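Architecture at a glance
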Amino acid sequence: MTFALTPFSPVADRVYTAVAEPATVTVGLVVGDEAALLIDAGSSPAQGAEILAAARRVAGDVPVTHAVITHAHFDHLFGLAGLAGVETIGHRGLAATLAAKRPPAEQLAELGVADADVVAPTRSFSLATTLDLGGCYVEIVHFGRGHTDHDVVVLVPGRGVVFVGDLLESEGGPWAGEDAWPAEWPKTLDGMLGTLGSGSVVVPGHGAPMSREDAFQQRAELAWYGGKAEELYDANKPVVGAWTDGGEWPWPQGQSEAFLTTAMRRLAEAGRPKRRTLPLLT
Ligand SMILES: [Zn+2]
C-alpha cells in the first residue's frame, strides 16, 4: 500500500485541496482570520498527521483548530487519530456506524492501521452545526441519506465553495456500496444544490472540482440510475448483463452495477411490490 499526499493547492480564496493516496481522496482546508478547518483526514493516522502538518504550513499563523469527517469510509476517517490537538466533527451516524460494525481486519492490516486507532470524531451533530473561523462562517450540514446514512456537506458560503464528500465524484460517477441509500440520494443532493450560485466550486471526495452544472448533471444521472434499478427490479432481471458499453449508461460498469445492486436490494428490503409492466415495455 503506497501512501502519498500532494501539496495543498487553492480552489478559491484561502480554500485549498490536496489529494491523498492510496485512495485518491481529496482533503480540504479552509483558512479564516483566526482558525482553519480541515475536511477529511486520509487513510491512516500517519497520513492524518502528514495532512495536518501540511495544512499548518499553508495556514501559517492561523491555527488549524477543527476537522470535519464527511463519513466513515476509511479514506476519509482513518487519519483522524493523527489529528492531535484538533477538534473533530462528524454526523452522529458516523459514531453509530463504527459502534455497529468495526472495519474488517484485512482492511486494517492492508493499511497498517490498528483497530483502536479507528475512532469517531470528538463532536457530533444531527442536522447542522456552524463554525466561525474568523471572517468566514462554515456550515456543516446533513442533508439526508445518500452515499451513506451520515454524509456531511461543508458549505463555505463566503468563499463560494462546497465540500460534498462522496455524494458526488467527478471521475466516472459516485460509488454506491452496500451502505448507500440510492433512492434517497438525489433528494439529499437537492438540499445542497439549492445553496449553489453560478460560480460555486463543488469539491467532491474524489476527482477534480465540479461546477454547479456538473453537480446538477450528476444528480440527474443518479435519478436515472434509480429508474433503471426499478425497471430491472420490476422485470425480475439481474444486474449482471444490464450494463452496455454503447454510450447510454453515464457511468462505467463498476459504478453502474454497484449502484443498481444496492438500489435493488433496498427495494426488496422495503418490500416494494413489483409493478406489472406492459409487454411493449419489457
Ligand atoms: Zn465513501
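Residues numbered from 1 in each chain as written. Predicted model: local features only at pLDDT ≥ 70, side-chain atom pairs only at ≥ 80, totals over all residues. Heavy atoms only, no water.

Next up on the list: the nonpolar core. If you look at soluble globular proteins, the nonpolar side chains tend to sit buried side by side. In this structure, Phe8, Leu29, Leu38 and Leu77 are the most contacted members of the largest nonpolar core, which totals 33 residues. If you list the elements that add at least two residues to this core, you get β3 (15-21), β4 (25-31), β5 (36-39), α1 (45-59), β6 (64-68), α3 (92-100) and α4 (105-111). The greatest single-element share of this core, amounting to five residues, is contributed by α1. For leucine 77, the residues in contact, after removing those within four places along its chain, are Ala41, Gly42, Ile69, His71, Ala72, Leu94, Leu98, Val118 and Val119. Within the second largest apolar cluster, 32 residues are counted, among which are Val162, Ala176, Met210 and Met264. (Core = buried A, V, L, I, M, F, W, Y, C linked by side-chain atoms within 4.5 Å. Buried < 20%, exposed > 50% of the residue type's maximum accessible area, 1.4 Å probe, protein only. Helix = DSSP H or I, 4+ residues; strand = E, 2+ residues; numbered from the N terminus. Contact = heavy atoms within 4.5 Å.)

A few words on the UniProt feature "domain: Metallo-beta-lactamase" (unreviewed entry) in the protein. Mapped onto this structure's residue numbering, the UniProt feature "domain: Metallo-beta-lactamase" (unreviewed entry) falls at residues 24-206. The straight-line gap between the two end C-alpha atoms of residues 24-206 is 6 Å; of that span, 24% is helix and 24% is strand. (UniProt positions renumbered as here; feature names shortened; annotations may be inferred.)

Moving on, we come to the environment of proline 238. Its location among the elements puts proline 238 in the loop between α6 (212-234) and α7 (253-269). Between the alpha carbons of proline 238 and threonine 261 there is a distance of 8.7 Å; along the sequence they are 23 residues apart.

Following the criterion strictly, the structure yields one cavity of 30 Å³ or more and no others. Size it by volume and the largest cavity reaches roughly 50 Å³. Surrounding the largest cavity, Thr26, Val27, Gly28, Ile39, Asp40, Thr70, Phe163, Val164, Gly165, Val203, Pro204 and Gly205 form its lining. By residue number, the principal contributor to the lining of the largest cavity is β4, which donates three residues. Looking at the lining of the largest cavity residue by residue, the class counts come to six nonpolar, five polar and one charged. (1 Å grid on protein atoms, 1.4 Å probe; cavity = no way out; pocket = protein on both sides within 12 Å on 5 of 7 lines; lining within 4 Å. Points joined across faces, edges and corners; volume = space filled by probe spheres on them. Nonpolar A, V, L, I, M, F, W, Y, C, P; charged D, E, K, R; others polar.)

Taken together, His71 (NE2), His73 (ND1), His147 (NE2) and Asp166 (OD) make up the full set of protein donors to the zinc ion, lying 2.2 to 2.3 Å away. Note that the zinc ion binds four donor atoms; their angles at the metal cover 88 to 169°, and the shape is irregular. (Donors = N, O, S within 2.8 Å, 3.2 Å for Na, K, Ca; no water. Tetrahedral: all angles 85-135°; square planar, octahedral: opposite > 155°, others 65-115°.)

When two helices pack together, their arrangement is given by the angle between their axes and by how far apart the axes lie. Where helix α5 (residues 185-193) contacts α6, the two axes come as close as 9 Å, and the packing angle between them is 165°. On the basis of the axis angle, α5 is roughly antiparallel to α6. Crossing handedness for the pair α5 and α6: left-handed. Where α5 abuts α6, its residues Trp185, Pro186, Lys187, Leu189, Asp190 and Leu193 lie against Ala215, Phe216, Arg219, Leu222 and Ala223. Among the residues forming the contact of α5 with α6, the class breakdown is eight nonpolar, no polar and three charged. (Axes fitted to C-alpha atoms, helices over the stretch in contact; angles between N-to-C directions. Parallel < 35°, antiparallel > 145°, perpendicular 65-115°, else oblique. Left-handed = near helix turned anticlockwise from the far one by under 90°.)

The next point concerns unusual backbone geometry. In the segment running from glutamate 21 into proline 22, the intervening peptide bond is cis, with an omega of 25°. Here proline 22 shows up in the loop between β3 and β4. At arginine 14, a residue that is not glycine, the phi angle is positive and equals roughly 50°. With respect to the helices and strands, the residue arginine 14 is situated in the loop between β2 (9-12) and β3.

With that settled, consider the pattern of salt bridges. With the rule as written, the count across this model stands at 14 salt bridges. Residue aspartate 115 is joined to arginine 102 by a salt bridge in which the shortest nitrogen-to-oxygen separation is 3.3 Å. Of this pair, aspartate 115 sits in the loop between α4 and β8 (123-125) while arginine 102 is found in the loop between α3 and α4, placing the two residues 13 residues apart along the sequence. On the basis of relative accessibility, which here comes to 35%, the residue aspartate 115 falls in the partly exposed class. (Salt bridge = Lys/Arg side-chain N within 4 Å of Asp/Glu carboxyl O.)

A separate point is the sheet that holds strand β9 (residues 128-132). One open sheet holds the five strands; their spatial order is β9-β10-β11-β12-β13, and the pairing between them is mixed. With one partner strand each, in any of the chains shown, β9 and β13 (201-203) form the two edges of the open sheet. On average, adjacent strands in this sheet sit at an angle of 20° to one another, irrespective of strand direction. (Pairing = 2+ DSSP bridges.)

Quick look at the layout of surface pockets now. There is about 840 Å³ of room inside the largest pocket. For the largest pocket, the lining is made up of 26 residues, of which Ala72, His73, Lys101, Glu178 and Asp179 are closest to its centre. Contributions of two or more residues to the lining of the largest pocket are made by α2 (74-77) and α3. When residues of the lining of the largest pocket are assigned to their parent elements, the largest contribution, three residues, is made by α3. Of the residues contributing to the lining of the largest pocket, the split by class is nine nonpolar, eight polar and nine charged. Approximately 250 Å³ is the volume attributed to the second largest pocket. What lines the second largest pocket is a set of 15 residues, and nearest its centre among them are Pro182, Ala183, Glu184, Glu230 and Leu267. Those elements giving two or more residues to the lining of the second largest pocket turn out to be α6 and α7. Ranked by residue count, the leading element in the lining of the second largest pocket is α6, at six residues. In terms of residue class, the lining of the second largest pocket is made up of 10 nonpolar, two polar and three charged.

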